[in-house]
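# Structural overview for review
This is what each chain is made of:
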Amino acid sequence: GDHFSRAIQTEPRNFRLFTNRAACRFMQQQYKEALTDAEYSIKLRPRWSKGHFWKGACLFKLGDKAKLPQVRGALSQSLRLDAENEKARQLLQEVNALLQMEEQPRGRQVGKKRTLDEDVDLAEEEPQYKKKKTPKEVREDRKTKKFHVDYDSGHAHHGEILK
């Protein structure tokens with residue numbers, strides 16, 4: 001990164017230097033600084049595919065879900081300018097999958113045919129290693145204990161409310 005910074009001082013309009021410094025900063029997990037360099041390289045050369053790629057990669061790594069449409073836009077532009085950029089294509093696929101999950105209706109879907117709007121009561125499926133309960137304790141457990149299903153992973157969680 002320091003070498004590119006020195007080179008930028010001598011050639012402040014060289015878009016490639018800003019892109020290369022963005023890549024170095026990205027590798028050092030300095031995503032905000034890398035994003036600034038990527039955006040400046042785009043300002044200097046709007047049709048430079050690598051500038052758009054690094055902009056998308058930095059926005060993605062910064063982890064703001066609200067920025068996913070911008071990530072998609074930057075990566076799409078990168079691919080329009082260089083259809084051979086496999087890293088951009090792979091990251092765009094990941095971003096599109098995340099956006100698709102975000103855009104799905106909030107109704108909890110199980111399988112393809114039914115939805116659950118309430119928590120699933122699975123109290124009858126107690127693990128075998130627990131001490132035997134009296135029938136009264138079992139009835140009380142059925143009334144109060146709920147298992148909540150994490151619909152993204154398909155795992156049931158005891159006593160958690162997942163939204």
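Report follows, based on the coordinates. The structure displayed is predicted, hence computed values, not measured ones.

### Concerning the overall build of the chain
- Helix and strand counts for the chain come out as seven helices and four strands.
- Listing each helix as α and each strand as β along the chain from the N terminus yields α-α-α-α-α-α-β-β-α-β-β.
- Looking at the chain as a whole, 29% of its 163 residues qualify as buried.
- Within the chain, counting contacts between residues at least 6 apart in sequence, those at least 24 apart form 43% of the total.

### Some details on the packing of aromatic side chains
- With the rule as written, the count across this model stands at five aromatic pairs.
- Both rings, one in Phe26 and one in Tyr31, keep their centres 5.2 Å apart while their planes meet at 65°; by these two values the pair is edge-to-face.
- A residue is classified by how much of its surface remains accessible, and Phe26, at 14% relative accessible area, is buried.
- Residue Tyr31 is classed as buried on the basis of its relative accessible area of 15%.

### A few points about the pattern of salt bridges
- Across all of its chains, the model carries four salt bridges by this definition.
- The residue Asp37 makes a salt bridge to Arg25 at a minimum N-O spacing of 3.0 Å. Residue Asp37 is located in helix 3 (residues 31-44), and its partner Arg25 is located in helix 2 (residues 15-27); the two are separated by twelve residues in the primary sequence. For the pair Asp37 and Arg25, one class covers both residues: buried.

### Focus: the nonpolar core
- If you look at the biggest cluster of nonpolar residues, it comprises 21 residues, and the most contacted ones within it are Phe26, Phe53, Trp54, Ala57, Leu75 and Val95.
- Of all the elements in the fold, those that place two or more residues in this core are helix 2, helix 3, helix 4 (49-62), helix 5 (68-81) and helix 6 (86-103).
- Filtering out sequence-adjacent residues up to four positions away, Ala57 remains in contact with Phe26, Leu75 and Leu91.
- Listed in part, the six residues of the second largest apolar core include Ile8, Phe18, Leu44 and Trp48.

### Describing helix 4
- Compared with the 20 Å implied by 1.5 Å per residue over 14 residues, the 20 Å span of helix 4 between its first and last C-alpha is a close match.
- The inward-facing, buried residues of helix 4 abut helix 2, helix 3, helix 5 and helix 6.
- Once helix 4 ends, the next one or two residues include Gly63, with phi positive near 80°.

### Observations regarding the packing of helix 4 against helix 5
- Two numbers describe how helix 4 lies on helix 5: the axes approach to 8 Å, and their chain directions differ by 155°. Of the possible angle classes, the one that applies to helix 4 and helix 5 is roughly antiparallel. As helix 4 runs across helix 5, the sense of the crossing is left-handed. Taking contact as the criterion, the partners of Ser49, His52, Phe53, Lys55, Gly56, Ala57, Leu59 and Phe60 in helix 4 are, on helix 5, Leu68, Gln70, Val71, Ala74, Leu75, Gln77, Ser78 and Leu81.

### Let's talk about unusual backbone geometry
- Even without a glycine there, the phi angle at Gln29 is positive, about 60°.
- Its relative accessible area of 59% is what places Gln29 among the exposed residues.

Analysis parameters
Residues numbered from 1 in each chain as written. Predicted model: local features only at pLDDT ≥ 70, side-chain atom pairs only at ≥ 80, totals over all residues. Heavy atoms only, no water. Helix = DSSP H or I, 4+ residues; strand = E, 2+ residues; numbered from the N terminus. Buried < 20%, exposed > 50% of the residue type's maximum accessible area, 1.4 Å probe, protein only. Contact = heavy atoms within 4.5 Å. Phe/Tyr/Trp six-rings, centres within 6.5 Å; stacked < 30°, edge-to-face > 60°. Salt bridge = Lys/Arg side-chain N within 4 Å of Asp/Glu carboxyl O. Core = buried A, V, L, I, M, F, W, Y, C linked by side-chain atoms within 4.5 Å. Expected span 1.5 Å × (residues − 1). Axes fitted to C-alpha atoms, helices over the stretch in contact; angles between N-to-C directions. Parallel < 35°, antiparallel > 145°, perpendicular 65-115°, else oblique. Left-handed = near helix turned anticlockwise from the far one by under 90°.

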